[in-house]
Structure formats: C-alpha cells, structure tokens
Amino acid sequence: MRETLVDVPGLHAPVVGRPTRDGGQSEVARRILETAAPRFYLEGIRAVSADAVMAEAGVTKVTFYRHFPTKDHLVEAYLETVAAAERHAVVSWRAEHVGDPTAVLAAYADQLAAQVCGAAFRGCPFLNAAAEYPDVAHPVRAVAERHRQWLRDVAEELVAELGLAEPRSVAVQLVMLRDGAMATGAGVEPADVGRALHRAGRAVLRT
C-alpha cells in the first residue's frame, strides 16, 4: 500500500511518507515541532519567530529551549522530519517493487504530481531552506543538502538497476525533473502533471 503524503498536522510539504518523531523526543517537543512545521513551510522559516511558536504551542521559553537550544535546532528537526518521511516512503516502494525500479520511480512521480497541485503547495522545503540559509556551512543548510544528496543517490541506484550507462548523470536529470515539477506544477491538473512527469521521465531514461 502506498504511503500517504507527509502528515505533520497542518503541513503540506512536497514529499511523500508519514513522518514520526519517535526518536526519544517528549510529547512537548513533538507539540512544538508540530506547531512550527506548517508555519515554517507556509510562511517561511525566517518569518516565523521562536516566540510565535512558543505562544502557539503554549510553552514557556525555558521549556522551548530545553528541547531546542536555538530556533535553528527546531528548523533542523523540521527538515529532518520531512526528509525521514520521504526516505521511508521510497524504502517502502522499493520493498514493494523489488527488481522493478521503474515502478518505484512511477510511484514517486504519481505522489509528487498530486502534491504539487495542492492549494497549500509552497515549493520544495529543502530548496526553500537552502534559499533562506545561503551559508553552505550552516547546520540547517547541511540538513537540506544531505537530503538533496540522498535524492541523487537513490535515483542513481534505481537507474543503475535499470542497467543504464552513466547512472549518475541520469539521476541528476531525474532530480532536476522533480525540481522542475515543483516549480511549474501549481495551477495544473494533477493528471496533467502526472502524465508530463511520466513522459519526461521515460525520455530521460532513454538517454
């Protein structure tokens, strides 16, 4: 069964999967994260202050900073949650379609098409974060870049399974196709985006 789209309450991010925060975090930490995540995505990370998150989550400064020493630590947790959801979904599809990388890529394309056409779509959270944190050495930027690297790596693995030449180059093209869909999919019918992604993907895989 396919994973649902990312399910942080109120968050509509262009990834697939169902994120969990079961890595030892307390209920309070989860509540802070669930409050911050949709606002970071919909309003922009820099636009949402730590004080605003505290007020909405109903926690004191002492409580907030006990769980997240800085706002940037909270931003890292937000991105890691979204990244974990996407990784989980892709791993699930690969387990479901063993030996059929084309089916895995098709499943990703279908979910992506549905997501980018959503009313609350605001672009790729990782690219958004990279734009807001231009310093490549910043920990938040590092989280975004790690996930982007994972996308290229898993695409390369799937392309290699297909036996194509230069799988790294083809993988980069597939990730660029993903990014392009996120930039142009808004306002287009999901079925049209899905067909375009499948058609373009097949063209890339024939290169």
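Only a predicted model underlies this, so the values are computations on that prediction, with no experimental measurement involved.

S.K.: Provide a residue-level description of the packing of helix H1 (residues 27–43) against helix H4 (residues 71–96), including the pertinent values.
M.R.: One way to put it is that H1 packs onto H4 with a least axis distance of 10 Å and a crossing angle of 80 degrees. The pairing of H1 with H4 is recorded here as roughly perpendicular in orientation. On the side of H1, the interface is formed by Ile32, Leu33, Ala36, Ala37, Phe40 and Tyr41, while H4 contributes Lys71, Leu74, Val75, Ala77, Tyr78 and Thr81.

S.K.: A description of the nonpolar core should follow, citing residues and the corresponding values.
M.R.: With 49 residues, the main nonpolar core has Ile32, Phe40, Phe64, Leu74, Tyr78 and Leu79 as its most contacted residues. Broken down by secondary-structure element, the contributors of at least two residues to this core are H1, helix H2 (50–57), H4, helix H5 (101–116), helix H6 (125–132), helix H7 (139–161), helix H8 (167–184) and helix H9 (190–205). Top element by residues in this core is H4. It accounts for nine residues. In contact with phenylalanine 40, other than residues within four places in its own chain, are Ile45, Val48, Lys71, Leu74, Val75 and Tyr78. Val159, Leu174, Val204 and Leu205 belong to the second-largest nonpolar core, a separate cluster that totals five residues.

S.K.: Quick one: what's the story with the pattern of salt bridges, residue by residue and with numbers?
M.R.: Pairing between side chains of opposite charge can happen when their charged atoms approach one another. Applying the stated rule across the entire model yields 13 salt bridges. With a shortest N-O distance of 3.1 Å, arginine 39 and glutamate 56 are connected by a salt bridge. One end of the pair, arginine 39, is in helix H1; the other, glutamate 56, is in helix H2, with 17 residues separating them in the sequence. The class of glutamate 56 is partly exposed, set by a relative accessible area of 48%. With its nearest N and O atoms 2.7 Å apart, the salt bridge here joins arginine 148 to aspartate 179. A residue pair is termed long-range when its members are at least 10 positions apart, and arginine 148 in helix H7 and aspartate 179 in helix H8 qualify at 31 residues. Arginine 148 gets classed as buried once you look at its relative accessible area, which sits at 11%. Each of Arg39, Glu43 and Glu56 takes part in salt bridges that share partners, so that together they form one network.

What counts as what
- Residues numbered from 1 in each chain as written.
- Predicted model: local features only at pLDDT ≥ 70, side-chain atom pairs only at ≥ 80, totals over all residues.
- Heavy atoms only, no water.
- Axes fitted to C-alpha atoms, helices over the stretch in contact; angles between N-to-C directions.
- Helix = DSSP H or I, 4+ residues; strand = E, 2+ residues; numbered from the N terminus.
- Parallel < 35°, antiparallel > 145°, perpendicular 65-115°, else oblique.
- Contact = heavy atoms within 4.5 Å.
- Core = buried A, V, L, I, M, F, W, Y, C linked by side-chain atoms within 4.5 Å.
- Buried < 20%, exposed > 50% of the residue type's maximum accessible area, 1.4 Å probe, protein only.
- Salt bridge = Lys/Arg side-chain N within 4 Å of Asp/Glu carboxyl O.

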